[in-house]
Amino acid sequence: MADVVIVGGGPVGTGLAIELGQRGIHTILVERYPSPQQVPKGQNLTQRTMEHFHFWGAEKQLRAARTVPKEYGIGGLTAYGSLLGDYHYDWLQRELVRPYYFTENERLPQYRTEEVLRERVRELPAVELFYGWTGRDVRQDEDGVTVTIASRDGSEQRSLSAAYAVGCDGSRSVIREKAGITQTKSDHDRLMVLLVFRSTGLHELLKRFPGKSFYNVLHPDLKGYWQFFGRVDLGKTWFFHAPVPPGTTKDNFDFAGYLHHAVGAEFDIEFEHVGFWDLRIATADSYRNGRIFIAGDAAHSHPPYGGYGINTGFEDARNLGWKLAATLEGWGGERLLDSYDMERRPVFISTARDFIGKAIESDRAFLEAFDPARDRPAFEAEWQARGSGARAEVNAFEPNYRGSPVIWGDFEGMPNAIGGHELRAKAGHHLPPQMLSSGRNVYEELGPGFTLLAFKASPALLDDFRIGAERLDLPLKIVADDSDEARSAYKARYVLVRPDQFVAWAEEDETSSALSILLRCQGRSETYDMTRHLKRSEADALKTLNPNA
Ligand SMILES: Cc1cc2nc3c(=O)[nH]c(=O)nc-3n(C[C@H](O)[C@H](O)[C@H](O)COP(=O)(O)OP(=O)(O)OC[C@H]3O[C@@H](n4cnc5c(N)ncnc54)[C@H](O)[C@@H]3O)c2cc1C
């Protein structure tokens, strides 16, 4: 019997298998395709996603798999009317938030990312790979799950037993359906085309925008839906997605004419792929049913606007991975697993509402209200303002777990995608990097379990944490340092960091009890109460562990 069966070995399933495999958790990964599908899809990898690759031991390999040379740049722009029209501004300048992450962002076709992940997962002895097998069914009882899989030609069938199952099988997830998890959909009722094509002429035309790798064209006819171009490599291959009329097929539409119109010029085109998808936002109504979890597109799917999909999925994998491992290793409370849904689902709901949906609505409102042919000065003023607004959006997207039951602090707020980047260490937020007096970055010191960063700390408090962690079997690394700079940037003498680099607790003074904090963070059931009367139950739990508390 395995610990975890993952169905779906796309980016998210393979990332999760690496997370679990590195922790020595016996994992089976089932993927129907022997090799990744050659469709570019999720290209934009944020700084945070690259931190995952760093911890998965695959950052260097991923950067080496890039298809556009580093010197060329991976920026984007938004244009009005047509790509070569008079108006454009820089779009989603992710470099603006670079100081708040340990690693730089990256951009490459999704199949290259998947190839790197597949190579890495092959190195992990704790992970068994079933490539060329399809997950058909999942059942659960008190003791575990049984996943039925079939070989692709259907000639062979097997049953796999494990303690937990995770569906990472994409937006049409069989595991989600078999687990009885419903979805809420907001249907934009748009048919979208995805074209992959070769063109050297387009590269020549776009030389006027050096360093740009993706391009978004807003056109008044399309009511806020985008015409989106991206480079697959430098100078030859491109992808494009945009709305098409209902009923469009490969054979009844002039795709070349559509592309020429979107660019505003004619150029050579040789199609490699023509595919379609329905534009909608779908969110699972729960990310868990008992021993079955879902992650990535199986849990949330949406248009690729803003490039949130693959990045959100990877964060699901990091969040769920350590919690599953903690539970299987016996130090994570059962309620720790519930916190996966409680942290990740509200973050996606906010991403969909406050970033993806809002982008479509605000573009639509702008295109309706402003038109250079009608009132050029008003249009130009608004266009300039939107350019600055694009910067604000990059800063505001900061998924955080404020109000999570396994984060220490007051219980105001809900996990959310709207935040703001700061160097301060804040409970529930991503840990910003800092240099320590040793000359090493905090990120190079973090352990696989929890890490306590303690700047000029009181020895008594460090003892409390050490003894508390031993008593609770919680893996804790203590990093004691005397850097005034790091402490002042963090605005905290003590920072407790989770295995996924989110801050669990941060304080300047020693006002909270170490044992209470650790109990909360490991999600023990007696410390957890959905109605948020947490303090009293924590005190009760403390008494059972420490009669003198
Ligand atoms: C045109 C386009 C552009 C995009 N651009 C971006 C972008 O710039 N940035 C971004 O973040 N995201 C982008 N996305 C979204 C991104 O591609 C997805 O969010 C991402 O692929 C989700 O990964 P996943 O592993 O959850 O699911 P998937 O990639 O769908 O992987 C699911 C895997 O499960 C396998 N599978 C399915 N069912 C079974 C089964 N029953 N048994 C076994 N295996 C199964 C499939 O073969 C597949 O390998 C884009 C998507 C599209 C279509």
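Residues numbered from 1 in each chain as written. Predicted model: local features only at pLDDT ≥ 70, side-chain atom pairs only at ≥ 80, totals over all residues. Heavy atoms only, no water.

Digging into the sheet that holds strand β23 (residues 494–497)
Across the sheet, four strands lie side by side as β22-β21-β23-β24; this open sheet has mixed pairing. Each edge of the sheet is formed by a strand with only one pairing partner; in this case those strands are β22 (476–481) and β24 (503–507). Each strand of the sheet is rotated relative to its neighbour by a mean of 10°, with strand direction disregarded. Looking at chain direction, strand β21 (residues 450–455) and β22 are connected through six bridges and run parallel. Bridge pairing links threonine 451 to lysine 477 in β22. Where helix α14 (residues 514–521) meets the sheet, it contacts β21, β23 and β24, and its direction lies at approximately 25° from that of β23. (Pairing = 2+ DSSP bridges. Helix = DSSP H or I, 4+ residues; strand = E, 2+ residues; numbered from the N terminus. Axes fitted to C-alpha atoms, helices over the stretch in contact; angles between N-to-C directions. Contact = heavy atoms within 4.5 Å.)

What to know about the sheet that holds strand β18 (residues 300–301)
With respect to topology, eight strands assemble into an open sheet ordered β5-β4-β12-β13-β14-β11-β15-β18, the strand pairing being mixed. The open sheet has two edge strands, β5 (88–91) and β18, and neither has a second partner. Seen against the sheet, helix α7 (residues 255–263) touches β11 (183–198), β12 (212–218), β13 (227–231), β14 (237–244) and β15 (270–284) and runs at an angle of roughly 95° to β14.

Some details on the confidence of the model for the chain
In this model, the chain carries an average pLDDT of 90, and 94% of its residues clear a pLDDT of 70 or more. pLDDT under 50 marks residues 527–549. Its contacts with residues more than four places away, or in other chains, come to 39 contacts. (pLDDT = per-residue confidence, 0-100.)

Some remarks on the packing of helix α1 (residues 11–22) against helix α8 (residues 309–329)
Running from N to C, α1 and α8 point in directions that differ by 30°, and their axes come no closer than 9 Å. In this view, α1 runs roughly parallel relative to α8, as classed from their interaxial angle. As for the relative orientation of α1 and α8, their crossing is right-handed in sense. Contact residues: Pro11, Val12, Gly15, Leu16, Glu19 and Leu20 in α1; Ile310, Gly313, Phe314, Ala317, Arg318, Leu320, Gly321, Trp322, Leu324 and Ala325 in α8. Grouping the constituent residues of the contact of α1 with α8 by class yields eleven nonpolar, three polar and two charged. (Parallel < 35°, antiparallel > 145°, perpendicular 65-115°, else oblique. Left-handed = near helix turned anticlockwise from the far one by under 90°. Nonpolar A, V, L, I, M, F, W, Y, C, P; charged D, E, K, R; others polar.)

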